[in-house]
Amino acid sequence: MAFERVCAVDDVAGDSAHAVTVGDLDVAVARDGDDFYAIEDLCSHAAVALSEGEVEDCHIECWLHGSLFDLKTGAPTGLPATEPVATYPVEVRGSDVYVDVATTLNGVTPS
Ligand code: FES
């Protein structure tokens, strides 16, 4: 695993997501209360940034058509999206957030 620092904890407002780029991958770092998640920053329905959506109850809602994605599994839990998005290991170390994009947690290949 190759974790790298992607942002500060304070860059991610509560119940929202923050867009970062790791290598050539766009990643949404999402914060649900004190929990952090990292997912592919691309809705599987029509390829818009998920980082602009709202976070609630371990899900992120796509701002365009309202699909919901489980932040732990990347699975769509609300239509119209039917395909999952990649999820990545994330760690909070002190005041910084680290993500490892070398391996996805759910086996989904990023778009
Ligand atoms: S683009 Fe995300 S639900 Fe349509």
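See the structure shown above.
Everything quoted here is computed from the prediction, not taken from an experiment.

(A) Main features of the pairing of strand S2 (residues 16-22). Looking at chain direction, S2 and strand S3 (residues 25-32) are connected through seven bridges and run antiparallel. Bridging from a neighbouring strand, Ala-19 pairs with Ala-28 of S3. Count of turn residues in the S2/S3 antiparallel hairpin: two residues, of which Gly-23 carries a positive phi of about 65°.

(B) Just the environment of Glu-4, in detail. Take Glu-4: it is sitting in strand S1 (residues 4-8). Assessed through its relative accessible area of 40%, Glu-4 is described here as partly exposed. For the pair Glu-4 and His-65, spaced 61 residues apart in the sequence, the C-alpha separation amounts to 32 Å. Every residue in contact with Glu-4, bar those within four places of it in the chain, is listed here: Val-22, Val-97, Tyr-98 and Val-99.

(C) Up close: unusual backbone geometry. The peptide bond linking Leu-79 to Pro-80 adopts the cis configuration, its omega dihedral lying at 15°. Looking at where Pro-80 falls in the secondary structure, it is placed in the loop between strand S8 (76-78) and strand S9 (87-88). Here Ala-47, not a glycine, exhibits a phi torsion of approximately 55°, which is positive. Tracing the sequence through the fold places Ala-47 in the loop between strand S4 (35-40) and strand S5 (54-56). With relative accessibility at 49%, the residue Ala-47 sits in the partly exposed group. Of note, the phi angle at Asp-57 is positive, near 50°, even though the residue is not glycine. Here Asp-57 lies in the loop between S5 and strand S6 (59-61). Residue Asp-57 is classed as exposed on the basis of its relative accessible area of 59%.

Definitions and limits used
Residues take numbers from 1 onward in each chain, read along the sequence in its written order. The model is predicted, so local features are restricted to residues of pLDDT at least 70 and side-chain atom pairs to those at 80 or more, both for listing and for counting; the totals for chains, interfaces and linings are taken over all residues. Computation of side-chain values covers all heavy atoms of the structure but excludes hydrogens and water. Here the rule is simple: two strands pair whenever DSSP picks up at least two bridges between them. The helix and strand labels rest on DSSP assignments: H or I over at least four residues marks a helix, E over at least two residues marks a strand, and numbering proceeds from the N terminus. Here's how the labels work: a residue is buried when its accessible area is under 20% of the maximum for its type, exposed when over 50%, partly exposed in between, all with a 1.4 Å probe on protein chains only. Contacts: residue pairs with any heavy atoms within 4.5 Å of one another.

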